[in-house]
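# Structural description and commentary
Okay, here's what each chain looks like letter by letter:
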Amino acid sequence: MSNEVLDAIYQRRTVRNFEDKPVSDDVLKSVLEAVQWAPSWANTQCWEVVVVTDSELKARLQQEAVPKSNPAHKAVGSAPVVLALCARLNEAGYYKGQVTTKFGDWFMFDLGLAAQNLSLAAHSLGLGSVIMGLFDQDKAAEVLKVPQNHELVSLIPMGYPSKVPSAPKRKSVEEFCRQNTF
């Protein structure tokens, strides 16, 4: 079975190599609108996105917050845009100021949904992206002046791919799916 959404899911890859070509404001706006439409806990939309295009800020993030052992280290400096996904704390998973789930604050789940929307939208517009989690979030938040009561969760370098990797091996559905009970 095939359709546009499934095709985008199957074809999107993690991209770490970008052309030296700017992303237009219109294309960037379309990607951010995909974040706007991501589902979230009780429609809290707890995300905040810092759009980083300044080359000095990208260089500081790369040098001060991203270890050289991270395969996306160079992408932070070379991508035309780095999106920093942040969460407002104590909103997702809360009702009347009280946490309502076993897992506490639900922001990681909501930002995961937003990041997936973002990466699929970017792919559909001819862009590549890499969702990064291995970096010093506190140092990156300091560089980007993220306020208290917010958590910087992910950096997402994004741009036009100069190289798209092949698909990695995937588990079969039978390897992870259980019927009715575990």
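The following paragraphs examine the structure supplied in this document.

Conventions we followed
- Residues numbered from 1 in each chain as written.
- Predicted model: local features only at pLDDT ≥ 70, side-chain atom pairs only at ≥ 80, totals over all residues.
- Heavy atoms only, no water.
- Salt bridge = Lys/Arg side-chain N within 4 Å of Asp/Glu carboxyl O.
- Buried < 20%, exposed > 50% of the residue type's maximum accessible area, 1.4 Å probe, protein only.
- Helix = DSSP H or I, 4+ residues; strand = E, 2+ residues; numbered from the N terminus.
- Core = buried A, V, L, I, M, F, W, Y, C linked by side-chain atoms within 4.5 Å.
- Contact = heavy atoms within 4.5 Å.
- Axes fitted to C-alpha atoms, helices over the stretch in contact; angles between N-to-C directions.
- Parallel < 35°, antiparallel > 145°, perpendicular 65-115°, else oblique.
- Left-handed = near helix turned anticlockwise from the far one by under 90°.
- Expected span 1.5 Å × (residues − 1).

## Details of the pattern of salt bridges
- Applying the stated criterion across every chain yields a total of six salt bridges.
- Between glutamate 91 and arginine 88 there is a salt bridge whose closest N-O contact spans 3.0 Å.
- What makes glutamate 91 partly exposed here is its relative accessible area of 27%.
- Glutamate 142 serves as the salt-bridge partner of lysine 139, at 3.2 Å between the closest nitrogen and oxygen. Residue lysine 139 and its partner glutamate 142 are located together in helix α6 (residues 137-144), separated by three residues, close to a single helical turn.
- The partly exposed category is assigned to lysine 139, whose relative accessible area is 25%.
- Look at the salt bridges and you will find they share partners, linking Arg60, Glu64, Lys139 and Glu142 into a network.

## A look at the nonpolar core
- By size, the foremost hydrophobic cluster in this structure holds 25 residues, and its most contacted members are Leu83, Leu118, Leu127 and Met158.
- Put simply, the parts of the chain that give this core at least two residues each are α2 (25-36), β3 (81-88), α5 (107-124) and β7 (150-159).
- Considering each element in turn, this core owes the most residues, six residues, to α5.
- Setting aside residues up to four positions removed in sequence, leucine 118 forms contacts with Val31, Val35, Leu83, Leu85, Ile156 and Met158.
- The next biggest cluster of nonpolar side chains, apart from the first, holds 23 residues, and it includes Leu61, Ala75, Cys86 and Met132.

## Focus: the packing of α2 against α5
- Contact pair α2 / α5: the axes reach a minimum separation of 8 Å and the direction vectors enclose 150°. It follows that α2 is roughly antiparallel to α5 by the angle criterion. Viewed along their axes, α2 and α5 form a crossing whose handedness is right-handed. Two secondary-structure elements touch here, α2 through Val31, Ala34 and Val35 and α5 through Ala114, Asn117, Leu118, Ala121 and Ala122.

## Re the environment of proline 168
- Tracing the backbone shows proline 168 in the loop between β8 (161-163) and α7 (173-176).
- Separated by 154 residues in the primary sequence, proline 168 and threonine 14 have C-alpha atoms spaced 10 Å apart.

## Section: α5
- In a regular helix each residue adds 1.5 Å, so 18 residues correspond to 26 Å; α5 covers 26 Å between its end C-alpha atoms and thus fits that length.
- Listed as buried for α5 are Phe107, Asp110, Leu111, Ala114, Ala115, Leu118, Ser119, Leu120, Ala121 and Ala122.
- In this fold, the buried residues of α5 make contact with α1 (4-11), α2, β2 (47-52), β3, β6 (128-129) and β7.

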